[in-house]
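Single-letter residue listing:
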Amino acid sequence: MTERQQLIAGNWKMHHGGPSGCALASAIVLACGDLAGVDVVVAPPFTGLAAVAHEVEGSRVSVAAQNMHHEPKGAFTGEVSTQMLLDCGCTWVILGHSERRHVFGETNDFVQKKTKAAIAAGLRPIVCVGETLEEREAGKTLEVVSAQVGAVLADLGGRPGYGVVAYEPVWAIGTGKVAGPEQAQEVHAAIRKQLAGHSADLAENTRILYGGSVKPDNAGTLLGCHDIDGALVGGASLDAESFSKIVEVAPSPV
Ligand code: 13P
């Protein structure tokens, strides 16, 4: 039986990077304060990281960045290093989000470099994978996801359970089209099998989150699936009540 504790992470994307981020974080701490047995993470924009980390200090809510650069320092205008994120109070970092891959051209190779650097620096990576609608319709879902997971397999395998994989079908992000529990479970099981190809330890200890239009009313069914160990929530994480309702329905480890 699994001992994996569920993880609910809120990806705020390009919202609440200023004072409103502190208000949202404080409302989330209040709403999630009593909900034990689930890990809770919020990911504000870079500009809000330090203030939000200060706001949630001493609570059960941890802070993630939404991106980072793999080099420790240098002439990389607009980029942020692992040490800068640690200095802000981050303990997690989201990597290879589909918006990074598809809007900003991040490749599997680039995501691998970031994953390696994050783990080396002591930041826990949440590596996002997922197929586009065209890829799904062409029957290439498992092939695409397997290449994305394959790129970071050795890095995640170096420290089983430290990193997290988030399966976010691109067609389900911000569209209101949620993957059905069977559709999501099929891909999660395939990812778990791929992790097992590296080591049983990696497969047993890695949390695989689902992301894409997760809301309070569909979270229960998704989080009840055997290989779904939590959620990466976009839109519904911008409201403390809807986010905490998702945390509330996440099952505790058995
Ligand atoms: P939505 O929940 O808004 O679909 O966003 C999902 C997502 O991209 C989380 O990283």
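Below, the structure is looked at part by part. This one's a predicted model, so the numbers in the text were calculated from it and none came from an experiment. Residue numbers here run from 1 along each chain, matching the order of that chain's written sequence. The predicted nature of this model means local features are confined to residues of pLDDT at least 70 and side-chain atom pairs, given and counted, to a pLDDT of 80 or more, with totals for whole chains, interfaces and linings taken over all residues. Derived side-chain values reflect all non-hydrogen atoms in the structure, with water molecules and hydrogen atoms excluded from consideration.

1. What about the pattern of salt bridges?
The salt bridge definition used is simple: a Lys or Arg side-chain nitrogen within 4 Å of an Asp or Glu carboxyl oxygen. If you walk through the whole model with that rule in mind, you get 10 salt bridges. Each of Arg 4, Arg 192, Asp 227 and Asp 229 takes part in salt bridges that share partners, so that together they form one network.

2. Regarding the pairing of strand β3 (residues 61-65)
Burial classes follow relative accessibility: with a 1.4 Å probe on protein chains only, a residue under 20% of its type's maximum area counts as buried, one over 50% as exposed, and anything between as partly exposed. Segments assigned H or I by DSSP are reported as helices when at least four residues long, segments assigned E as strands when at least two residues long, and all are numbered from the N terminus. With four of its five residues buried, β3 lies for the most part within the structure. In the sheet, strand β2 (residues 38-43) pairs with β3 via three bridges, with the strands oriented parallel. In the sheet register, Val 42 faces β3, and the bridge partner there is Val 63. By convention a crossover is right-handed if, when the strands point away from the viewer, the path from the first strand over the helix to the second runs clockwise. You can see the chain leave β2, run along helix α2 (residues 49-56) and come back into β3, and the turn it takes is right-handed. At least two DSSP bridges between two strands are required for those strands to pair. Of the pairings in the sheet, the one linking β3 to strand β4 (residues 92-95) comprises two bridges and is parallel in character. Looking at β4, one finds that Ala 64 is bridged to Trp 92. Handedness of the crossover joining β3 and β4 through helix α3 (residues 82-88) is recorded here as right-handed.

3. Quick look at helix α10 (residues 216-223)
Of the residues making up α10, those classed as buried are Asn 218, Ala 219, Leu 222 and Leu 223. Burial along α10 is one-sided: seen end-on, the buried residues are contained in an arc of 125 degrees. Contacts are assigned to residue pairs with any non-hydrogen atoms lying within 4.5 Å of each other. Looking at the packing, one finds that the buried side of α10 touches β1 (6-11), α8 (181-198), β7 (207-211), β8 (230-233) and α11 (240-249). Directions drawn from the helix axis to the C-beta atoms are what define this arc.

4. Some remarks on the packing of helix α7 (residues 141-157) against α8
Fitted lines through C-alpha atoms give the axes, limited to the stretch in contact for helices. The angle between two N-to-C directions lies from 0 to 180 degrees. Between α7 and α8, the least distance of the axes is 10 Å, while the angle of their chain directions is 40 degrees. Here α7 is positioned oblique relative to α8, judged by the angle of their axes. As for how α7 packs across α8, the hand of that crossing is right-handed. Note on element contacts: α8 touches α7 through Glu 186, Val 187, Ala 190, Ile 191, Gln 194, Leu 195 and His 198, opposite Thr 141, Leu 142, Val 145, Ser 146, Val 149, Gly 150, Leu 153, Ala 154 and Gly 157. Classification convention: Asp, Glu, Lys, Arg as charged; Ala, Val, Leu, Ile, Met, Phe, Trp, Tyr, Cys, Pro as nonpolar; all other residues, Gly among them, as polar. Tallied by class, residues from the contact of α7 with α8 come to nine nonpolar, six polar and one charged. What sets the label is the angle itself: under 35 degrees gives roughly parallel, over 145 gives roughly antiparallel, 65 to 115 gives roughly perpendicular, and the rest give oblique. Take the far helix as your reference; a near helix turned counterclockwise from it by less than a right angle gives a left-handed crossing, and one turned clockwise gives a right-handed crossing.

5. As for the site of the ligand
When at least one non-hydrogen atom of a residue lies within 4 Å of a molecule or strand, that residue is treated as near it. Taken together, the neighbourhood of the ligand is formed by Asn 11, Lys 13, His 97, Glu 168, Ala 172, Ile 173, Gly 174, Gly 212, Ser 213, Leu 232, Gly 234 and Gly 235. Asn 11 places a side-chain nitrogen or oxygen 3.1 Å from an oxygen atom of the ligand. Gly 174 is positioned with one of its backbone polar atoms (N or O) 2.6 Å from an oxygen atom of the ligand. Methods summary: accessible areas were calculated by the Shrake-Rupley approach with a probe of 1.4 Å, and residue burial reflects only the protein chains presented. Protein coverage of the free-state accessible area of the ligand, which is 300 Å², stands at 96%. By residue class, the composition of the shell around the ligand is three nonpolar, seven polar and two charged. As used in this structure description, the phrase polar contact means that two N or O atoms lie within 3.5 Å; if the pair is within protein, one of them must be able to donate a hydrogen and the other to accept it, and residues adjacent in sequence are counted only when both atoms belong to side chains.

6. Notes on the packing of aromatic side chains
Only centres within 6.5 Å qualify two rings of Phe, Tyr or Trp (six-membered ring in Trp) as a pair; their planes then separate them into stacked at under 30 degrees, edge-to-face at over 60, and tilted for everything else. According to the stated counting rule, one finds one aromatic pair in the structure shown. One residue, Arg 100, lies across the ring of Phe 104, its end atom 4.2 Å from the ring centre. We call a charge positioned over a ring when the NZ of a Lys or the CZ of an Arg lies within 6 Å of the ring centre and within 35 degrees of the ring normal. In this arrangement the basic side chain of Arg 159 is found over the ring face of Tyr 162, its NZ or CZ atom lying 3.7 Å from the centre.

7. Quick look at the state of the cysteines
Cysteine sulfur atoms are paired as a disulfide whenever they fall within 2.5 Å. What the rule picks out here adds up to zero disulfides. You can see Cys 32 has no disulfide; the closest cysteine sulfur is in Cys 22, sitting 16 Å from it. By relative accessible area, which is 0% here, Cys 32 ends up buried. With no disulfide of its own, Cys 128 lies closest to Cys 90 among cysteine sulfurs, the gap being 15 Å. Overall, the relative accessible area of 1% leaves Cys 128 in the buried class.

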